[in-house]
Amino acid sequence: MANIKSQKKRIVTNELAHQRNKSKKSRIATEVRKFKEQIGKGDFETAQKQLNDLFSLIDRARLDNVYHQNTASSKKSRLARMLSDAQKNSAK
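Structural notes, computed from the coordinates.

Procedures and definitions
- Residues numbered from 1 in each chain as written.
- Predicted model: local features only at pLDDT ≥ 70, side-chain atom pairs only at ≥ 80, totals over all residues.
- Heavy atoms only, no water.
- Salt bridge = Lys/Arg side-chain N within 4 Å of Asp/Glu carboxyl O.
- Helix = DSSP H or I, 4+ residues; strand = E, 2+ residues; numbered from the N terminus.
- Buried < 20%, exposed > 50% of the residue type's maximum accessible area, 1.4 Å probe, protein only.
- Contact = heavy atoms within 4.5 Å.
- Expected span 1.5 Å × (residues − 1).

### Concerning the pattern of salt bridges
Per the stated rule, a full pass over the model turns up five salt bridges. For Lys 76, the salt bridge is made with Asp 59, and the minimal N-O distance between the two is 2.9 Å. Here the residue Lys 76 occupies a position in helix H3 (residues 69-91), and Asp 59 occupies one in helix H2 (residues 44-63), the gap between them amounting to 17 residues. For Lys 76, a relative accessible area of 22% puts it in the partly exposed group.

Listed below in structure tokens is the structure:
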């Protein structure tokens, strides 16, 4: 345990930030799971709406420094590609 007062404060603030970041990542993971379920069902209109919501969540997490900019971009790109590929495969 730290003896320095400022370090004790940092431990508390780091834990709060950790819990906040964990909550945001968990919310995004839950929404991604729902998005994948909609793709699996073939409901692409609902999936598109969920994708827009996911983009918003990921962008907000990026602004709060939960994700690095490149990580956020990769996640968004991967999700968009997933929807696009599913739509192409269902058309065949």
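### Examining the side chain of Glu 31
Mapped onto the elements, Glu 31 comes out in helix H1 (residues 5-41). The exposure class assigned to Glu 31 is buried, which follows from its relative accessible area of 17%. Discounting chain neighbours no more than four positions away, the residues touching Glu 31 are Leu 54 and Leu 57.

### Here we look at H3
The first and last C-alpha atoms of H3 sit 33 Å apart over 23 residues, in line with the 33 Å expected at 1.5 Å per residue. Taken together, the buried positions of H3 are Ala 72, Leu 79, Leu 83 and Ala 86. Structurally, H3 contributes buried residues whose contacts are with H1 and H2.

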